[in-house]
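Listed below, chain by chain, are the residues.
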Amino acid sequence: LSARLHKLLAQHGIGSRRQVEAWIREGRVLVNGRPAEIGHALQEGERVIVDGKDVKCGYVTVPEQHANPKGRTLRLAVAIFPSTSATPAADPFVMEEGGPGGSTLESFGRMLLDAQNPLFSLFRMQRDMVLVEQRGTLYSDPYLSCKEVQKFTIDSLDQLLTQEEGDRRYHEAI
């Protein structure tokens, strides 16, 4: 594991790097029960708490092709948000983005830390929540980005395009 704490939390959708750095300075992030320091290199097994909520971040290594388990491997990013119950259900609630190409951690990570979100608070009262980044998406390794689509997205940010024009130009980009 051994990654910078703020980078790892950002990669797992908990907050942006700047947000996490601010939280660390404010004492809102603990590592093994002690206030975290900016630049802390997180090691396997260390316990991270953000605003009083446990977050376990890491990677699961899987075969690129399940029929060839000794072949090339992929690393899928995983974030586990333990239940707030003292006696949670044995089976976790596992979430993946509907895709294609969407980031589970970006879509759901921050929501799970938001105490004001009644749906996720209710789920966490009953069971652990596991977010799994799909192969090829933002925080898994390798990340399979489409440079043409990224360029189109950046180039068109300040343009007011109709749905038809946006769709046409998107398809031209790919």
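Counting of residues starts from 1 at the beginning of each chain's written sequence and follows it residue by residue. In keeping with the predicted nature of the model, local features appear solely for residues at pLDDT of at least 70, side-chain atom pairs appear and are counted solely at 80 or more, and the whole-chain, interface and lining totals rest on all residues. Note that water and hydrogens are dropped before the side-chain values are worked out from all heavy atoms of the structure.

S.K.: Help me understand the overall build of the protein, please; the structure alone is not making it clear to me.
M.R.: A tally of regular secondary structure across the protein gives 6 helices and 9 strands. Accessible area of the protein: about 10,800 Å², with a carbon and sulfur share of 52%. Here Asp and Glu are counted as negative and Lys and Arg as positive; His is not counted, and neither are the chain ends. Where a charge lies is defined by one atom per residue type, namely NZ (Lys), CZ (Arg), CG (Asp) and CD (Glu). Here the protein contributes 21 positive and 23 negative side-chain charges, whose respective centroids are spaced 6 Å apart. Helix numbers and strand numbers start at the N terminus; a helix is a DSSP run of H or I with at least 4 residues, a strand a run of E with at least 2. Every accessible area reported is derived by Shrake-Rupley at a probe size of 1.4 Å, with residue values counting cover from the shown protein chains alone.

S.K.: Teacher, can you tell me more about the pairing of strand β6 (residues 53-63) here?
M.R.: Sheet faces and side chains relate simply in a regular strand, where the side chains alternate between the two faces. One bridge is not enough; two strands pair if DSSP finds at least two bridges between them. Two elements, strand β5 (residues 48-50) and β6, share 3 bridges in a ladder whose sense is antiparallel. Residue Ile49 lies in a different strand from β6, and its bridge partner there is Asp54. Counting the residues between successive antiparallel strands, the hairpin from β5 to β6 contains 2 residues, one of them, Asp51, with a positive phi of roughly 50 degrees. Here β6 runs beside strand β7 (residues 73-81); their pairing, made up of 8 bridges, is antiparallel. Within the sheet, the bridge partner assigned to Lys56 lies in β7 and is Ile80.

S.K.: Whenever I open this one, the packing of helix α5 (residues 147-155) against helix α6 (residues 163-173) confuses me. Can you help?
M.R.: Two quantities define a packed helix pair, namely the angle between the axes and the distance from one axis to the other. For every element, the axis is a line fit to its C-alpha atoms; helices are fit only across the contacting stretch, and the angle between N-to-C directions ranges from 0 to 180 degrees. Close contact between α5 and α6 brings their axes to 8 Å; oriented N to C, the two are set at 145 degrees. For the pair α5 and α6, the crossing hand works out as right-handed. Contacts between α5 and α6 involve Glu148, Val149 and Phe152 from the former and Gly166, Arg169, Tyr170 and Ala173 from the latter. Gly is placed with the polar residues, together with every amino acid not listed as nonpolar (Ala, Val, Leu, Ile, Met, Phe, Trp, Tyr, Cys and Pro) or charged (Asp, Glu, Lys and Arg). Per-class residue counts for the contact of α5 with α6 are 4 nonpolar, 1 polar and 2 charged. If you view the pair so one helix is near and one far, a crossing is left-handed when the near helix is turned anticlockwise from the far one by less than a right angle, and right-handed when it is turned clockwise. Should any heavy atoms of two residues lie within 4.5 Å, those residues are considered in contact.

S.K.: So what exactly am I meant to see when it comes to the packing of aromatic side chains here?
M.R.: The way to describe two aromatic rings as a pair is by their centre distance and the angle between their planes. Under the pairing criterion, centres of Phe, Tyr and Trp rings, with the six-membered ring standing for Trp, must be within 6.5 Å; the plane angle then separates stacked pairs below 30 degrees from edge-to-face pairs above 60, leaving the rest tilted. What the rule picks out here adds up to 1 aromatic pair. Judged by centre distance (4.5 Å) and plane angle (25 degrees), the rings of Phe93 and Phe123 are stacked. Of this pair, Phe93 sits in strand β8 (residues 93-95) while Phe123 is found in helix α4 (residues 118-126), placing the two residues 30 residues apart along the sequence. Judged by relative accessible area, Phe123 falls into the partly exposed class, the value being 23%. Using a 1.4 Å probe on the protein chains alone, a residue whose accessible area is under 20% of its type maximum counts as buried, one over 50% counts as exposed, and one in between counts as partly exposed.

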